[in-house]
Amino acid sequence: MKYISYTALGLAILQLLTILVSWLITAAMPDAMMRSLLSSEGIRWFFGSFTDNMLSPLMLWMILVALSVSVFRASGLSLRVQTYRQRFALRLVLGELLVILSVWALLTMIPHAILLSASGRLFPSSASDSLIPVLCAMLFIISATYGLASGSFRSVHDVTRSLSAGSPLLLPLLLVYILTKQLIASIVFVWGLSGETFLP
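Residues numbered from 1 in each chain as written. Predicted model: local features only at pLDDT ≥ 70, side-chain atom pairs only at ≥ 80, totals over all residues. Heavy atoms only, no water.

**Student:** I'd like to hear about the overall build of the protein, residue by residue, with values.
**Tutor:** Within the protein, the secondary structure is distributed over ten helices and zero strands. Shown N-terminal to C-terminal, the secondary structure of the protein runs as helices and strands in the order α-α-α-α-α-α-α-α-α-α. By the compact-globule yardstick of 16 Å for 200 residues, the protein is too spread out, its C-alpha radius of gyration being 23 Å. Structurally, the protein occupies a C-alpha span of about 75 × 45 × 25 Å along its principal axes. (Helix = DSSP H or I, 4+ residues; strand = E, 2+ residues; numbered from the N terminus. Rg over C-alpha atoms; globule rule 2.2 N^0.38 Å.)

**Student:** Can you tell me about the packing of aromatic side chains, naming the residues and giving the values?
**Tutor:** Within this structure, the stated rule accounts for three aromatic pairs. For the ring pair tryptophan 45 and phenylalanine 189, a centre distance of 4.6 Å and an interplane angle of 15° mean the geometry is stacked. Highlighted residues: tryptophan 45 in helix 2 (residues 40–48) and phenylalanine 189 in helix 9 (residues 167–191), separated in sequence by 144 residues. By relative accessible area, tryptophan 45 is classed as buried at 15%. Note on phenylalanine 189: relative accessible area 5%, which makes it buried. Pairing phenylalanine 46 with phenylalanine 47 gives two aromatic rings, centres 5.7 Å apart and planes at 75°, and the pair type is edge-to-face. Connected via pairs of aromatic rings, a cluster forms that spans Trp45, Phe46, Phe47 and Phe189. Between the NZ or CZ atom of arginine 35 and the centre of the ring of phenylalanine 189, over which it lies, the distance is 4.1 Å. (Phe/Tyr/Trp six-rings, centres within 6.5 Å; stacked < 30°, edge-to-face > 60°. Buried < 20%, exposed > 50% of the residue type's maximum accessible area, 1.4 Å probe, protein only. Lys NZ or Arg CZ within 6 Å of the ring centre and 35° of its normal.)

**Student:** A description of the side chain of glutamine 182 should follow, citing residues and the corresponding values.
**Tutor:** In this structure, glutamine 182 sits in helix 9. In this structure glutamine 182 comes out as buried when scored by relative accessible area, which is 4%. Ignoring sequence-local partners within four residues, the contact set of glutamine 182 consists of Gln15, Trp45, Phe46, Phe50, Asn53 and Met54. (Contact = heavy atoms within 4.5 Å.)

**Student:** Provide a residue-level description of the pattern of salt bridges, including the pertinent values.
**Tutor:** Under the defined criterion, the tally for this structure stands at two salt bridges. Measuring nitrogen to oxygen at the nearest pair gives 3.3 Å for the salt bridge that ties glutamate 41 to arginine 35. Take arginine 35: its relative accessible area is 31%, and that puts it in the partly exposed class. Among the ionic pairs, aspartate 158 bridges to arginine 161, the shortest N-O distance being 2.8 Å. On the criterion of helical spacing, the pair formed by aspartate 158 and arginine 161 is a turn pair, its members being three residues apart in helix 8 (residues 156–162). Residue classification places aspartate 158 among the buried positions, given a relative accessible area of 14%. The exposed category is assigned to arginine 161, whose relative accessible area is 51%. (Salt bridge = Lys/Arg side-chain N within 4 Å of Asp/Glu carboxyl O.)

**Student:** Outline helix 5 (residues 84–108), listing residues and values.
**Tutor:** Taking 1.5 Å of rise per residue, 25 residues should cover 36 Å, and helix 5 covers 36 Å from first to last C-alpha, within 8% of that figure. Every buried residue of helix 5 is listed here: Ala89, Leu90, Val93, Trp104 and Thr108. Considering only its buried residues, helix 5 is in contact with helix 6 (126–129) and helix 7 (131–150). (Expected span 1.5 Å × (residues − 1).)

**Student:** Can you lay out unusual backbone geometry for me, pointing to particular residues and giving the numbers?
**Tutor:** Only a minority of non-glycine residues have a phi that is not negative, and only a minority of peptide bonds are not trans. Although it is not a glycine, histidine 112 sits at a positive phi angle of roughly 60°. Turning to its location among the elements, histidine 112 is positioned in the loop between helix 5 and helix 6.

**Student:** Quick rundown of the packing of helix 5 against helix 7? Include the residues and the values.
**Tutor:** Across the interface, helix 5 lies against helix 7 with an axial gap of 8 Å and an inter-helix angle of 155°. By the angle between their axes, helix 5 is roughly antiparallel relative to helix 7. In the packing of helix 5 onto helix 7, the handedness of the crossing is right-handed. Residue-level inspection shows Arg85, Gln86, Phe88, Ala89, Leu90, Leu92, Val93, Glu96, Leu97, Ile100, Leu101 and Trp104 of helix 5 in contact with helix 7, the latter providing Leu131, Val134, Met138, Ile141, Ile142, Thr145, Tyr146, Leu148, Ala149 and Ser150. Taken together, the residues that form the contact of helix 5 with helix 7 break down as 17 nonpolar, three polar and two charged. (Axes fitted to C-alpha atoms, helices over the stretch in contact; angles between N-to-C directions. Parallel < 35°, antiparallel > 145°, perpendicular 65-115°, else oblique. Left-handed = near helix turned anticlockwise from the far one by under 90°. Nonpolar A, V, L, I, M, F, W, Y, C, P; charged D, E, K, R; others polar.)

So, in structure tokens, the structure goes:
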């Protein structure tokens, strides 16, 4: 957690330096092929484009991974089972996993599968675009099933409450993500680079 704090501080300092350097260079060399973040255009861009700069699949993936891993850890899912209820829960989860993988195979592996691209390829396709969300949903489902069947979760309320357990790690990572995305977007704006190339 300490490294995340230092990383966030470093990114914030780099953002301030980018703002200052862009202003100094454009003030000293008005004909330079760059834009100042302290100009009227730069200030409008900084505030007006902030939300658009943050939007990307990566943010959603981070949230989904954190939530699903949080439920997994709280469920106690493990191959080392001791009680009869845990053994039953593990068998139930393995059966559930087999069904999920079978459905996924039918949607992606057979000829003319519905999640393949128009040319019949797996990459890129709807299947590859949804791979991370599908894996997170799979982990969430089997973890919740195991937790309820084994007694780790006493009710659905416990399942939803376990989602918040991932916030101590997720929130600092989201801060680093926001600072990184805004720094990259600022550099792209200042130098007039292609945003599609540099913004993931």
